Amino acid sequence: MREDVSIEDAAQDAGRLRRAVQEHPGSAAALYALGVAFVRVGGEEEAEAAGREAAALRPGWAKAHNALGATLCRLGRVDDAIESLSVASKLRKDFALPH
C-alpha cells in the first residue's frame, strides 16, 4: 500500500468503488479501480475477482491483465500470474516480461 494513503481512506475508496460497480456492473474501469482499492486494504482475493471480471469484460485492456497478474503474484499463484502478465505484455509492449 502506498504510504500516503491511510488504510481508512483506502477502505472508503473500496466502499465507494463497490457502489460504482453496483451502479455500472459492466464497467471494466470501475472493476479495475475496485481491484486496486482492495489490494490497498489487503483484500487480494477480492482484488483477484474484480480483476478477472475487468479482464473478461475488456480482454484487450493490457492494464487489467497486468493488475490481475500483480494480484496473483501477491497471492503466491505465480503460474497464473505469469499467464496474466504474458497476456498484458502481448497487448502492450511496455508491459514486457523480463527474459
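Above this note sits the structure.
For clarity, every value in this text was computed on a predicted model and none was experimentally measured.

## Overview of the overall build of the protein chain
So, point 1. Counting its regular elements, the protein chain contains five helices and zero strands.
So, point 2. Traced from its N-terminal end to its C-terminal end, the protein chain shows the element sequence α-α-α-α-α.
So, point 3. In the protein chain, which comprises 99 residues, the proportion classed as buried is 37%.
So, point 4. Within the protein chain, contacts between residues separated by at least 24 positions form 46% of all contacts whose residues are at least 6 apart in sequence.

## What to know about helix α3 (residues 44-57)
So, point 1. The terminal C-alpha atoms of α3, which comprises 14 residues, lie 20 Å apart, in line with the 20 Å expected from a rise of 1.5 Å per residue.
So, point 2. Elements in contact with the buried residues of α3: α2 (28-40) and α4 (62-74).

## A word on the side chain of Thr71
So, point 1. Looking at where Thr71 falls in the secondary structure, it is placed in helix α4.
So, point 2. Taking the relative accessible area as the measure of exposure, Thr71 reaches 6% and is therefore buried.
So, point 3. Beyond its immediate stretch of four places on either side in the chain, Thr71 contacts Val39, Glu44, Ala47 and Glu48.

## As for the packing of α2 against α3
So, point 1. α3 packs onto α2 with a crossing angle of 160° between their chain directions and a minimal axis gap of 8 Å. By the angle class used here, α2 and α3 are roughly antiparallel. Considering only the axes of α2 and α3, their crossing is left-handed. Counted together, Ala28, Leu31, Tyr32, Leu34, Gly35, Phe38 and Val39 of α2 and Glu44, Glu46, Ala47, Ala50, Glu53, Ala54 and Leu57 of α3 form the full contact between these two elements.
So, point 2. When its residues are assigned to classes, the contact of α2 with α3 shows ten nonpolar, one polar and three charged.

## Brief notes about α2
So, point 1. Under the 1.5 Å per step criterion, the end-to-end length of α2 is 19 Å for 13 residues, consistent within 8% with the ideal 18 Å.
So, point 2. Taken as a whole, α2 has its buried residues at Ala28, Ala30, Leu31, Tyr32, Leu34, Gly35, Ala37, Phe38 and Val39.
So, point 3. Positioned one or two residues after α2, Gly42 has a phi angle of 85°, which is positive.

How each quantity is defined
- Residues numbered from 1 in each chain as written.
- Predicted model: local features only at pLDDT ≥ 70, side-chain atom pairs only at ≥ 80, totals over all residues.
- Heavy atoms only, no water.
- Helix = DSSP H or I, 4+ residues; strand = E, 2+ residues; numbered from the N terminus.
- Buried < 20%, exposed > 50% of the residue type's maximum accessible area, 1.4 Å probe, protein only.
- Contact = heavy atoms within 4.5 Å.
- Expected span 1.5 Å × (residues − 1).
- Axes fitted to C-alpha atoms, helices over the stretch in contact; angles between N-to-C directions.
- Parallel < 35°, antiparallel > 145°, perpendicular 65-115°, else oblique.
- Left-handed = near helix turned anticlockwise from the far one by under 90°.
- Nonpolar A, V, L, I, M, F, W, Y, C, P; charged D, E, K, R; others polar.

Purely geometric stuff here, so don't read any function into it on its own.
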